[in-house]
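One-letter residues, chain by chain:
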Amino acid sequence: MRKLSLENLNLAFASIAAKYPLYLPQDNSAGDAEYKKWEQGAKWSDKTNTVKSPKDFFFPQTEDLMAFQVSGKSIDIIDTRKESEDFVVFGVRACDVKSFEVLDNVFLTEPADSYYASRREHGIIVSVACTRPLETCFCKAFSIDPSEPAGDVSCYKTDDSLYLSANTEKGEALLAVISEYTEEADDAAVSKQKESINKIMDRLPLASLTPASFGGGKTKEFFDAPEWKSLSEACLGCGTCTFVCPTCQCYDIKDFKTGSGVIRYRCWDSCMYSEFTKMSAGQPRTSQLERFRQRFMHKLVYYPENNNGLFSCVGCGRCLSRCPIHMNIVKVMKALGGKKDE
Amino acid sequence: MQKVTAKTLSGKAASLLNAGEVKYVLGWKKGEFDYDITPALFESAEELEKDFVWNDFSCANLSKYLIKYTRSLSGKILVFLKPCDTFSFNQLLTEHRIDRQKVYAVGVPCSGMADEKKIRENADGITAISETEEGYLVHTLYSDAPAFISKEEALLEKCLSCKGWAHIALDEQIEGEVFAPSADRFDQVKALENMTPDERYHFWQNELSRCIRCNACRDVCPACTCEKCVFDNPNSGVENKAAANSFEEKMFHIIRAFHVAGRCTDCGECSRVCPQKIPLHLLNRKFINDIDSFYGEYQAGLDEGSRAPLVDYDTGDLEPSQVFDWRDGQNA
Ligand code: SF4
Ligand code: SF4
Ligand code: SF4
Ligand code: SF4
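Conventions adopted
Residues numbered from 1 in each chain as written. Chains lettered and ligands numbered in written order. Predicted model: local features only at pLDDT ≥ 70, side-chain atom pairs only at ≥ 80, totals over all residues. Heavy atoms only, no water. Patch = residues over 30% accessible without salt bridge, like charges linked within 9 Å, V, L, I, M, F, W, Y side chains within 5 Å. Areas by Shrake-Rupley, 256 points an atom, 1.4 Å probe, with all protein chains shown as cover. Salt bridge = Lys/Arg side-chain N within 4 Å of Asp/Glu carboxyl O. Helix = DSSP H or I, 4+ residues; strand = E, 2+ residues; numbered from the N terminus. Buried < 20%, exposed > 50% of the residue type's maximum accessible area, 1.4 Å probe, protein only. Contact = heavy atoms within 4.5 Å. Near = heavy atom within 4 Å. Nonpolar A, V, L, I, M, F, W, Y, C, P; charged D, E, K, R; others polar. Pairing = 2+ DSSP bridges. Axes fitted to C-alpha atoms, helices over the stretch in contact; angles between N-to-C directions. Core = buried A, V, L, I, M, F, W, Y, C linked by side-chain atoms within 4.5 Å. Domains from an automatic or database assignment. Buried area = accessible area lost by both parts, 1.4 Å probe. Polar contact = N/O pair within 3.5 Å; in protein donor to acceptor, adjacent residues only side chain to side chain.

## Some details on a nonpolar patch on the surface
- Taken together, the side chains of B:Tyr295, B:Leu310 and B:Val311 define a hydrophobic patch exposed on the protein surface, amounting to about 270 Å² of accessible area.
- Summarising the element assignment, B:Leu310 is placed in the loop between α13 (281–295) and α14 (320–331).

## A short note on the environment of A:Ala150
Residues and elements named next belong to chain A.
- By the element assignment, Ala150 lies in the loop between β7 (123–128) and β8 (153–157).
- On the basis of relative accessible area, Ala150 is assigned to the partly exposed category, the value being 42%.
- Placed 21 residues apart in sequence, Ala150 and Ala129 show a C-alpha to C-alpha distance of 9.3 Å.
- Setting aside chain neighbours within four positions, we find Ala150 in contact with Val97, Ser127 and Asn167.

## Regarding the site of ligand 1
- The environment of ligand 1 is formed by A:Cys235, A:Leu236, A:Gly237, A:Cys238, A:Gly239, A:Thr240, A:Cys241, A:Met272, A:Cys323, A:Pro324 and A:Ile325.
- Residue composition of the shell around ligand 1, by class: eight nonpolar, three polar and no charged.

## Considerations on the sheet that holds strand β5 (residues 126–131) of chain B
All names here are of chain B.
- The strand order across the open sheet formed by three strands is β5-β6-β7, and the pairing between neighbours is antiparallel. With partners counted over all chains shown, the strands left at the sheet margins are β5 and β7 (143–150), one partner each. Adjacent strand axes in the sheet meet at a mean angle of 25° when their direction is disregarded.
- For strand β6 (residues 135–140) and β7, the ladder comprises five bridges, and the chain directions are antiparallel. Across the sheet, residue Thr140 finds its bridge partner in β7, namely Ser143.

## Here we look at the nonpolar core
- Membership of the largest hydrophobic core comes to 138 residues, with the highest contact counts inside it found for A:Phe138, A:Ile329, B:Phe80 and B:Ile119.
- A total of seven residues in this core trace back to one element, the largest contributor, which is helix α2 (residues 94–107) of chain A.
- Discounting chain neighbours no more than four positions away, the residues touching A:Ile329 are A:Phe138, A:Phe296, A:Lys299, A:Leu300, A:Cys313, A:Cys319 and A:Leu320.
- Formed by 25 residues, the second largest nonpolar core is a distinct cluster that contains A:Tyr20, A:Phe90, A:Leu162 and A:Leu174.

## Things to note about the domain arrangement of chain B
Residues and elements named next belong to chain B.
- The domains assigned to chain B are domain 1 (6–115 + 156–173), domain 2 (123–154) and domain 3 (187–331).
- If you average the C-alpha positions of domain 1 and of domain 2, the two centres end up 27 Å apart.
- Between domain 1 and domain 2, a total of about 690 Å² is buried, with carbon and sulfur atoms accounting for 48% of that surface.
- The interface formed by domain 1 and domain 2 contains one salt bridge.
- For Asp56, the salt bridge is made with Lys151, and the minimal N-O distance between the two is 3.0 Å.
- In terms of residue class, the side of domain 1 that touches domain 2 is built from six nonpolar, three polar and three charged.

## A word on the pairing of strand β11 (residues 251–257) of chain A
All names here are of chain A.
- By the bridge criterion, seven bridges tie β11 to strand β12 (residues 261–268) in an arrangement that is antiparallel. By the bridge assignment, Asp252 is partnered in β12 with Cys267.
- Between β11 and β12, which follow one another and run antiparallel, lie three residues, and Gly259 among them has a positive phi close to 110°.

## Regarding the sheet that holds strand β10 (residues 182–184) of chain A
Residues and elements named next belong to chain A.
- Here we have eight strands laid out as an open sheet, ordered β3-β2-β6-β7-β8-β9-β1-β10, and mixed in their pairing. The sheet is open, and its two edges are formed by β3 (33–37) and β10, each paired on a single side. Each strand of the sheet is rotated relative to its neighbour by a mean of 30°, with strand direction disregarded.
- Where strand β2 (residues 22–27) meets β3, five bridges bridge the pair, whose relative direction is antiparallel. Looking at the pairing, Pro25 lines up with Tyr35 of β3.
- The strands touched by helix α3 (residues 114–122) are β6 (87–92) and β7; relative to β7, the strand with the most contacts, the crossing angle is about 60°.

## A short note on the pattern of salt bridges
- Per the counting criterion, the structure on display carries 46 salt bridges over all chains.
- Of the charged contacts in the structure, one is a salt bridge between B:Lys82 and B:Asp85, with a shortest N-O distance of 3.1 Å. Taken as a pair, B:Lys82 and B:Asp85 share a single burial class, namely buried.
- The structure contains a network of salt bridges with shared partners spanning A:Asp32, A:Arg322, B:Glu121 and B:Lys277.

## Here's the deal with the interface of chain A and chain B
- Listed as interface residues are 52 residues of chain A and, on the opposing side, 45 residues of chain B.
- Taken over both partners, the interface formed by chain A and chain B buries close to 4100 Å², and the fraction arising from carbon and sulfur atoms is 50%.
- Looking only at chain A, the three residues that lose the most surface to chain B are A:Glu135, A:Glu233 and A:His326, adding up to 15% of its buried area.
- Here A:Arg132 makes a salt bridge to B:Asp124, at a shortest N to O gap of 3.0 Å.
- Across the chain A-chain B interface, the total number found is 23 residue pairs in polar contact (both at pLDDT 80 or more).
- Elements with a minimum of two residues in the side of chain A that touches chain B: α5 (188–203), α8 (240–244), β11, β12, α10 (318–322) and α11 (329–337) of chain A.
- Residue composition of the side of chain A that touches chain B, by class: 23 nonpolar, 14 polar and 15 charged.

Okay, structure coming up:
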């Protein structure tokens, strides 16, 4: 375990930033935290979590995949790829680190998505333990321990120091960059912090939530549940929940005419949208109830069915915090989860 | 006068349900915490008893849901409307979007709503929020004593400049304490107008750069009721989720503001629901302010059936060139 005095934090950030683009949560003018590139003078946010998740780093909201240049009768394919640079994402919470595993199962399963794969390869993740979990946090329901965040490097921030330990080779290499500011330390302070985090976790309002009644093979049990009607009734179909969610992974690919050619790009899509997966035969889910149901069934039933029981919610609480009508996965789980197989 | 209670409202609704006067009640349903309230339809006195809530977080303007419900439901729907909500309701009637026969509109006296985001910004791990005379006590996991936030500090943006409107277009009005009008809603518009173009550009650049293109602002807006929004149409070339660059993203907001100009009642829902706290109401208020100065004071939704200045022609209307002269004269 290495220890970095918080007094030297900025020097350490500067050393990292001299080598890699460094992104960390910073407060914005709206009083929320967002990932921004570190620049001299930047301040690491004290907020527990960012409004948008860090999935943007690996699966950006919009990206160009390739371009086509038309001249006469020939079409040239132009490589527009840019994701070949190492970068550091600092201050990632345990829930968000876990979300990368959820995305990996989707994007790295053969045929792997090479854009995502190369970003994952180039990304160095520095996680940090949560000392102030929010009332909306329920990572524990998905067996995520905010006091043991994964990633290439795991950190613990105390009043005066940052404790760091590398979990991977990439992590070792990163710690080497700031070694002049760190010293060896025992884990007494870290153990103490873990203990206090665990005490808080037990007191969270959602501490007793469990997804136990969901999982693979439960499609029939939940698909026609009458509760979907009242749960989805007020839903605006805005997709805020899907855009702030670290594990939502749907996208659309389109060609965009530039005048002399075409850019093929992809952008996030949302199952909450009326045009989602529209095909020549029309839109498969014609009502908001069906679209709403899809989002939660995917997270709680379909995804675990295809991924060895892993749920595709990490309990980050963003959909609780940002849905305009305050409908969310916790309310869905509570409304449906009490039901038993008859 | 006393603040009206949830009990009074749900009691009123239950008695109308039981008497068969209405079949449904559109109100607010309580959530997991004290602030996460969801618009909901109630069909029985038991449901109301169990889940109906009315407090300073019952912010949602329910009028837009009437478009959907007056079409899909048969039977009368009781809807609770705050004074500002009644303007949206009336505007929707003017635009023939709601079947009035199916609605029983009940006016709720409002004493100012609280902005849950303002409270949460400075309080981690909220376990309870209790209302006091002067504000709110916010209990959290991280402190034994609750933190106090005054009513003024927590006030929802739209309530900051509540014009102390009375309810309009109602079937029934419930008596109770009402909020006292305060700030001028055009103060911020004037501040923006007084900026240099560069400053103004940077202001909007900073605000709109946070937009995640969720369109919640549009989806919640009672003036945005197109059956199919152009920004949802994959064939339009301007589909919002696929904004090719940040310019397109900004265009969305500007075009939307144009589209609702003259019909926007300034209900404040767009800014309230924005997950990124973008002050969208400032765009709308700029238009409202301009319409007021170019065509005379006009409040959308104030009366049913009136023609808004932008869709009405009068030989005395300003010519576009005069608008420029007028504006330049103002700035001089
Ligand atoms: S659940 Fe909430 S955030 Fe998600 S689409 Fe519906 S209204 Fe929007
Ligand atoms: S569904 Fe909600 S709580 Fe779960 S990971 Fe997504 S945003 Fe977070
Ligand atoms: S959900 Fe858990 S890991 Fe995520 S921010 Fe909250 S406490 Fe931390
Ligand atoms: S609600 Fe906010 S984030 Fe969503 S589209 Fe509107 S301005 Fe953008």
